[in-house]
Each structure stands twice: as C-alpha cells, then as structure tokens.
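For reference, the chains in residue letters:
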Amino acid sequence: IVERRRIRSNRSLAGTKKIGTIAEGLTTLGHSVHILSLGTIAENSRRVYGVDHETLPVTSVEASICVFYAATWDVRRVGTAVSTVSLLRVLRRLFKKGRYEAVILYNCTACTVLAGLYSRYLRKVPAILEYEDSATASRCSAPPSWKRVFRLYEYAMARVVSAVFAPSRELTEQIRVSVKQVIPGAISSKLCESSLLRETEARRVARDRTQILYAGALDPSKGVD
C-alpha cells in the first residue's frame, strides 16, 4: 500500500507490525482472519484511491491473511472521513458474505467506535479493543481540554466492546469494561515461541538477568516504570 498510494509521510510501522502478528497468531491457531485498514495518506496530493486489497502469506501453516484498504481522497482533513465511510461499507459487505465470531478494534477513533457499534449491535458479534495509545491516560497531571474531548471516544468504546487488552494497566483502566487483559511489551512470533519454554526453564530464567527493550516515548501513562 505504501508503493501503490505513494505514502511518504505517515509510515506508522509499530501498529502495522502488531496487528499483523496478532492476525498471524490467530491464523496459526486455525482461525480465518481479515484485516481492514483505513489506508489514509498525508501527502495532500488530492488524488483519489479506490478500495484495494492484498494477501499476506502465513508460511508456518500454509495459510494467508487478506488485507482490505478503504478508499480515500488524499486531501487534508477530508481523507480520514472518506476512508471511514468506505471502510464501514467494506465491513458491511464482508459481513454479508460470511459470519464473523469476533471483531478486534485497534485503538479509539471515530472509525473504530462506529465499526464496533455496527458489529455489536447490528450484527450481534462481540467487539474486542486492542488499546495501544490513549491521549488521556496520565498519572502526572490533568489532561488539557482537547484531550478531554478524546475521552468521549473512550466512553463510547466502553459501551461497544466486550473486552480490552493493552500493554499496561493504565490503558486498560481507560475503558470501563469487566474483562481486561494486560499483555506488556512487544508481541512477536519469536516471543510467542519462547514463551512455550518458560515453564521448563523457569529456574534458569530466574537466575539470569532480565533485559528489557523499550522503544518509544518514555511516558508514564504507558506503564514504562
């Protein structure tokens, strides 16, 4: 999609990697997974891009994951709205083709709230939030007024999702639901594979010095302490 839509400015790879790894893990366990992406652009080229898709192979189980990209119009302050409408239409079309057991939403945005509302209340399919980044979670000081507006997304999301998982307790507490799971740190296939050895190597690991890699802003709200 970076090549097809000539994206240079907003290459946010962390979320892409995490979503891909979650989808790969579900596929490895035998589930069929689709990924829906807004596919927005921040070049302000004024170009129009239609709905697109690509297939990602999962070599470990000889399966694949289909990624759908919403249509968009590369105009500042307009593109996201166009992509949101397009993505909801894609979601509706996919629901008509087959039954989904669950919908995982990535972060709190107008688009994910609407997708969650559609999935839970119109299609009766549970929505689960993977909360990666909150604009309001902070233990240091009261958030500025513009962040309080963002809090409305979190209130709405709490009425949409059945469960939430996030890298820190502070993020899970932003969404008032009863089912919560903290999964700290990075998610990767190597990390998942190594976790299978933890029980047998518990004593050796306890003796070794733990090394932690933290990449990103050192914000207390992320649970870095």
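So, here's what we can say about the structure.

Rules used throughout
Residue positions are given per chain, counted from 1 along the sequence in the order it is written. pLDDT decides what is reported in this predicted model: residues at 70 or higher carry local features, side-chain atom pairs at 80 or more are listed and counted, and totals for whole chains, interfaces and linings draw on all residues regardless. For side-chain calculations, the full set of non-hydrogen atoms in the structure is used, while hydrogens and water are omitted. Two strands pair under a simple rule: DSSP has to find at least two bridges between them. For the purposes of this entry, the term helix denotes a DSSP run of H or I that reaches at least four residues, the term strand denotes a run of E that reaches at least two, and both are numbered from the N terminus. In this analysis an axis means a line fitted to C-alpha atoms, helices contributing only their contacting stretch, and an angle means the value between N-to-C directions, from 0 to 180 degrees. Contacts between residues were defined by any pair of non-hydrogen atoms, one from each residue, lying within 4.5 Å. Orientation is classified from the angle alone, with under 35 degrees giving roughly parallel, over 145 giving roughly antiparallel, 65 to 115 giving roughly perpendicular, and any other angle giving oblique. Note on convention: near helix rotated counterclockwise from far helix by under a right angle means a left-handed crossing. Clockwise means right-handed. Classification used: nonpolar for Ala, Val, Leu, Ile, Met, Phe, Trp, Tyr, Cys and Pro, charged for Asp, Glu, Lys and Arg, polar for all others including Gly. When accessible area is computed with a 1.4 Å probe and restricted to protein chains, residues below 20% of their type maximum are described as buried, those above 50% as exposed, and intermediate ones as partly exposed.

## A few points about the sheet that holds strand 4 (residues 63–69)
By definition, the strands of a sheet pair up through backbone hydrogen bonds, in either a parallel or an antiparallel sense. The mixed open sheet is built from three strands, whose spatial order is 1-4-3. Looking at the sheet topology across the chains shown, the edges are occupied by strand 1 (34–37) and strand 3 (52–58). Looking at each pair of strands side by side, their axes are set apart by 20° on average, direction ignored. Where strand 1 meets strand 4, four bridges bridge the pair, whose relative direction is parallel. Residue pairing for strand 4: leucine 36 is matched across the bridge by phenylalanine 68. On top of the sheet, helix 2 (residues 79–97) reaches strand 1 and strand 4; it is set at about 160° to strand 1, its chief contact.

## Remarks on the packing of helix 2 against helix 3 (residues 110–122)
Viewed as axis vectors pointing N to C, helix 2 and helix 3 meet at an angle of 25°, and their least axial separation amounts to 10 Å. When the axes of helix 2 and helix 3 are compared, the pair comes out roughly parallel. The crossing of helix 2 and helix 3 is right-handed. Contacts between helix 2 and helix 3 involve Thr84, Leu87, Leu88, Leu91, Arg92 and Phe95 on the former and, on the latter, Cys111, Leu114, Ala115, Tyr118 and Ser119. Across the contact of helix 2 with helix 3, the residue classes break down as eight nonpolar, two polar and one charged.

## Some words on the sheet that holds strand 6 (residues 103–106)
Ordered by their spatial adjacency, four strands build an open sheet running 6-7-8-9, and the pairing between neighbours is parallel. Each edge of the open sheet is held by one strand with a lone partner, namely strand 6 and strand 9 (179–182). The average undirected angle you get between the axes of adjacent strands in this sheet is 20°.

## Section: unusual backbone geometry
Despite not being glycine, arginine 46 has its phi angle at roughly 65°, a positive value. On the secondary structure map, arginine 46 appears in the loop between strand 1 and strand 2 (48–49). Despite not being glycine, arginine 77 has its phi angle at roughly 70°, a positive value. When you line up the elements, arginine 77 lands in the loop between strand 5 (72–73) and helix 2. The exposure class assigned to arginine 77 is exposed, which follows from its relative accessible area of 79%.

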